Amino acid sequence: MTTGDSQGEAAALLKKLGLLAVVVVVFIGGFVGIKTFMGGEDLSKLHPKDRAAREHIDSYTTVEAREWLTGSKRTMLSGMTDYQAEHRIDQWYNMGAKTVYSFGGGMSMKVIFELPDDPAKREKLFAWRASWYAEMFEEALPDEGQQYMVVKLRL
């Protein structure tokens, strides 16, 4: 085999690798484009608080809180033991949360509730958050008809 043959084979291999890279980029770009422009929800139409919550949900590995907590021995809700977290999650569902989301690799510093439509259940969740935030000397925002509620957890 001559040097010319080796260079020719190397050039052919580089062309194939380049073509493969282009195919991968087009495939990924097409998938993202389809999801964003054709099948994705238009977040601009959401309540501003819902938009922020949905962007957070879509940007992280977000899982239902019970599933997230039991999925690994290394996950926890900030400031809580596993027992406290399980109790707190049950409390949120009993107050009316449709879904409680947790996220992150190990410690979730926030949770997001999908809020119920029932005004009495919504009132319970907003009252709970106001009390929770008052203990941290923070202001809890009022119910403005949003679909989601972001709750900051304690350290």
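Structure shown above.
## Considerations on a nonpolar patch on the surface
And step 1. A cluster of nonpolar side chains, contributed by M76, M107, M109 and L155, occupies part of the molecular surface with about 410 Å² of accessible area.
And step 2. Among the secondary structure elements, M107 is positioned in strand β4 (residues 107-108).

## Structural notes on the packing of aromatic side chains
And step 1. Scanning the entire structure with this criterion turns up four aromatic pairs.
And step 2. Residues W92 and F113 carry aromatic rings whose centres are separated by 5.1 Å and whose planes lie at 55° to one another, so their mutual orientation is tilted. You can see W92 sitting in helix α4 (residues 82-95) and its partner F113 sitting in strand β5 (residues 110-114), a full 21 residues away along the chain. The residues W92 and F113 share a single accessibility class, namely buried.
And step 3. Residues W92 and W128 carry aromatic rings whose centres are separated by 5.6 Å and whose planes lie at 75° to one another, so their mutual orientation is edge-to-face. Of this pair, W92 sits in helix α4 while W128 sits in helix α5 (residues 119-134), placing them 36 residues apart in sequence.
And step 4. You can call W128 buried: its relative accessible area is 10%.
And step 5. An aromatic cluster is defined as three or more aromatic residues linked by ring pairs; in this entry it consists of W92, F113, W128 and W132.
And step 6. One cation-aromatic arrangement involves R129 over Y133; the distance from NZ or CZ to the ring centre is 5.7 Å.

## Focus on the nonpolar core
And step 1. One finds L77, W92, F113 and V151 to be the most contacted residues of the largest nonpolar core, which totals 25 residues.
And step 2. Setting aside chain neighbours within four positions, we find W92 in contact with L77, M80, A97, V100, V111, F113, L125, W128 and L153.
And step 3. Listed in part, the six residues of the second largest apolar core include I57, F103, I112 and Y148.

Here is what the cut-offs are and how they apply
Residues numbered from 1 in each chain as written. Predicted model: local features only at pLDDT ≥ 70, side-chain atom pairs only at ≥ 80, totals over all residues. Heavy atoms only, no water. Patch = residues over 30% accessible without salt bridge, like charges linked within 9 Å, V, L, I, M, F, W, Y side chains within 5 Å. Areas by Shrake-Rupley, 256 points an atom, 1.4 Å probe, with all protein chains shown as cover. Salt bridge = Lys/Arg side-chain N within 4 Å of Asp/Glu carboxyl O. Helix = DSSP H or I, 4+ residues; strand = E, 2+ residues; numbered from the N terminus. Phe/Tyr/Trp six-rings, centres within 6.5 Å; stacked < 30°, edge-to-face > 60°. Buried < 20%, exposed > 50% of the residue type's maximum accessible area, 1.4 Å probe, protein only. Lys NZ or Arg CZ within 6 Å of the ring centre and 35° of its normal. Core = buried A, V, L, I, M, F, W, Y, C linked by side-chain atoms within 4.5 Å. Contact = heavy atoms within 4.5 Å.

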